[in-house]
Amino acid sequence: MRTWGTKADNTAPAASGVLTAAEDNVRGTELNNAVTSFGITLDPTIGPDADLTMLAQAMSRSTSLGIFGTFGGTANVQTLTALAGVVPPKALFTGMKIAGWVVTANTGATTLNAFGLGAKKVLDWFSAECAGGELGAARYVEIIYDTTLDGGAGAWRILPWATAARPHFRLKENSTQTITTATLTRYTNLGTTEYSYLRNSTLTSSRFTCSGADAGYWLFNFQGNILNDTSEQLILRKNGTSVHLATQVIGSSTVQMLAWIGFVAAGDQMELWGYHAAGANRDTTGDNFLAGVRLF
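Residues numbered from 1 in each chain as written. Predicted model: local features only at pLDDT ≥ 70, side-chain atom pairs only at ≥ 80, totals over all residues. Heavy atoms only, no water.

Trainee: Can you break down the environment of Arg 170 residue by residue, with the values?
Mentor: Tracing the backbone through its elements, the reader meets Arg 170 in strand 8 (residues 168-172). Sequence-wise, Arg 170 and Leu 290 are 120 residues apart; in three dimensions their C-alpha atoms are separated by 5.7 Å. A distance of 2.3 Å separates polar atoms of two side chains, one belonging to Arg 170 and the other to Glu 194. (Helix = DSSP H or I, 4+ residues; strand = E, 2+ residues; numbered from the N terminus. Polar contact = N/O pair within 3.5 Å; in protein donor to acceptor, adjacent residues only side chain to side chain.)

Trainee: So what about the pairing of strand 2 (residues 77-82)? Which residues, and what values?
Mentor: Two elements, strand 1 (residues 69-73) and strand 2, share five bridges in a ladder whose sense is antiparallel. Along strand 2, the bridge assignment pairs Gly 72 with Thr 79. Turn length for the strand 1-strand 2 hairpin, with the two strands adjacent in sequence and antiparallel, is three residues. Alignment of strand 2 against strand 4 (residues 110-114), held across four bridges, turns out to be parallel. If you follow Val 77 over to strand 4, its bridge partner there is Thr 111. (Pairing = 2+ DSSP bridges.)

Trainee: Requested: an account of the side chain of Glu 134, with residues and values cited.
Mentor: By the element assignment, Glu 134 lies in the loop between strand 5 (119-123) and strand 6 (140-146). A polar side-chain atom of Glu 134 sits 2.8 Å from the main-chain amide nitrogen of Ala 131. At a separation of 2.9 Å, a polar atom in the side chain of Glu 134 contacts the main-chain amide nitrogen of Gly 132.

Trainee: Describe the pattern of salt bridges, listing the residues and the values that go with them.
Mentor: If you walk through the whole model with that rule in mind, you get seven salt bridges. Measuring nitrogen to oxygen at the nearest pair gives 3.2 Å for the salt bridge that ties Lys 7 to Glu 23. With Lys 7 in the segment before helix 1 (21-36) and Glu 23 in helix 1, this pair connects stretches of sequence that are 16 residues apart. Overall, Lys 7 belongs to the partly exposed group, its relative accessible area being 35%. In this structure, Arg 207 engages Glu 271 in a salt bridge whose closest nitrogen and oxygen atoms are separated by 2.5 Å. Highlighted residues: Arg 207 in strand 13 (residues 207-209) and Glu 271 in strand 19 (residues 269-276), separated in sequence by 64 residues. (Salt bridge = Lys/Arg side-chain N within 4 Å of Asp/Glu carboxyl O. Buried < 20%, exposed > 50% of the residue type's maximum accessible area, 1.4 Å probe, protein only.)

Trainee: Requested: an account of the environment of Leu 272, with residues and values cited.
Mentor: Note on placement: Leu 272 falls in strand 19. Through-space distance from the C-alpha of Leu 272 to that of Ser 205 is 9.2 Å; in sequence the pair is 67 residues apart. Discounting residues that sit within four places of it in the chain, Leu 272 has contacts with Arg 186, Tyr 187, Leu 190, Ser 206, Phe 222 and Ile 235. (Contact = heavy atoms within 4.5 Å.)

Trainee: Could you give an account of the layout of surface pockets, naming the residues involved and the relevant values?
Mentor: Approximately 340 Å³ is the volume found for the largest pocket. What lines the largest pocket is a set of 15 residues, and nearest its centre among them are Asn 32, Leu 42, Asp 43, Asp 51 and Met 54. Within the residue set of the lining of the largest pocket, elements represented by two or more residues are helix 1 and helix 2 (54-62). Per element, the largest residue contribution to the lining of the largest pocket is three residues, and it comes from helix 1. Across the lining of the largest pocket, the residue classes break down as eight nonpolar, four polar and three charged. (1 Å grid on protein atoms, 1.4 Å probe; cavity = no way out; pocket = protein on both sides within 12 Å on 5 of 7 lines; lining within 4 Å. Points joined across faces, edges and corners; volume = space filled by probe spheres on them. Nonpolar A, V, L, I, M, F, W, Y, C, P; charged D, E, K, R; others polar.)

Trainee: Go over the sheet that holds strand 3 (residues 97-101), please, and point to the residues and values.
Mentor: Overall, mixed pairing links the seven strands, which are arranged 1-2-4-5-7-6-3 in an open sheet. In this open sheet, the two edge strands, each paired with only one partner strand, are strand 1 and strand 3. Here the average twist between neighbouring strands, direction ignored, is 30°. Sheet analysis places strand 5 next to strand 7 (residues 155-158), joined by three bridges and oriented parallel. Across the sheet, the residue bridging to Val 122 is Trp 156, located in strand 7. (Axes fitted to C-alpha atoms, helices over the stretch in contact; angles between N-to-C directions.)

Trainee: Now, about unusual backbone geometry: what can you tell me, with residues and values included?
Mentor: Residues Ala 12 and Pro 13 are joined by a peptide bond in cis, for which omega reads 10°. Assignment of secondary structure puts Pro 13 in the segment before helix 1. Cis rather than trans, the peptide bond between Gly 47 and Pro 48 has omega equal to 0°. As for its placement among the helices and strands, Pro 48 is situated in the loop between helix 1 and helix 2. Phi at Ser 205 is positive, roughly 35°, even though this residue is not glycine. With a phi close to 55°, Asn 239 is a non-glycine residue in the positive phi region.

This is the structure:
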């Protein structure tokens, strides 16, 4: 687009008083391209003018259609191409957002070349490099660009809700824990991992130790089912400090759910403890569990 030259009445033949065909044509061509690149058909050259809102429609479409593309490439070398007829940005900029349906799931550190503007790292919402599974096959994803990431080289960051591999796990009871006296002690009999979709965090008998890749806001949930007459207080601890008010399980098949949401950083340990009112077995039903999922 040419720089606009200010015009003034009665100044011809100076440039300020003349509108050449070239000037007028180039401005019209730019406007036509702005409309047609978003799939809008122009009225005939000589009219009639059936629709005088085409440019406004194109501006509205650009807010969504302009960021959408078709994923391609390979698992860890992803590409995004513009839809047919759509003119994408010609340079990357902070705040630039793209969206589309992933074709191939990533399996490790990943780059993305969007609209042919150069391959840049893809990071999770906490600016950590991908470990695999963040981009799920046949899943919709939105990613935003930031020029300050990757040491100033710029990188893409997946919006928190769009990550396919949201870390989660579930530990199930696998044995009976015998309590000899009334005492507050850590559960040690939730030792069976029913499933774990963690990057490199660890699970050991009712304890979750968080890695940097899994850090974020977590929801933890516990089910306690007491079959004997001994009451129990369930407590969730973070690094040795209780983060949830004790929840009472009275006994005789009473089921109680304990849930907590909070931020868990790299190295944090989440543990399930209980105060047993008297010496007895700590549950023999086999259906107790501790589960957790990172919300974002």
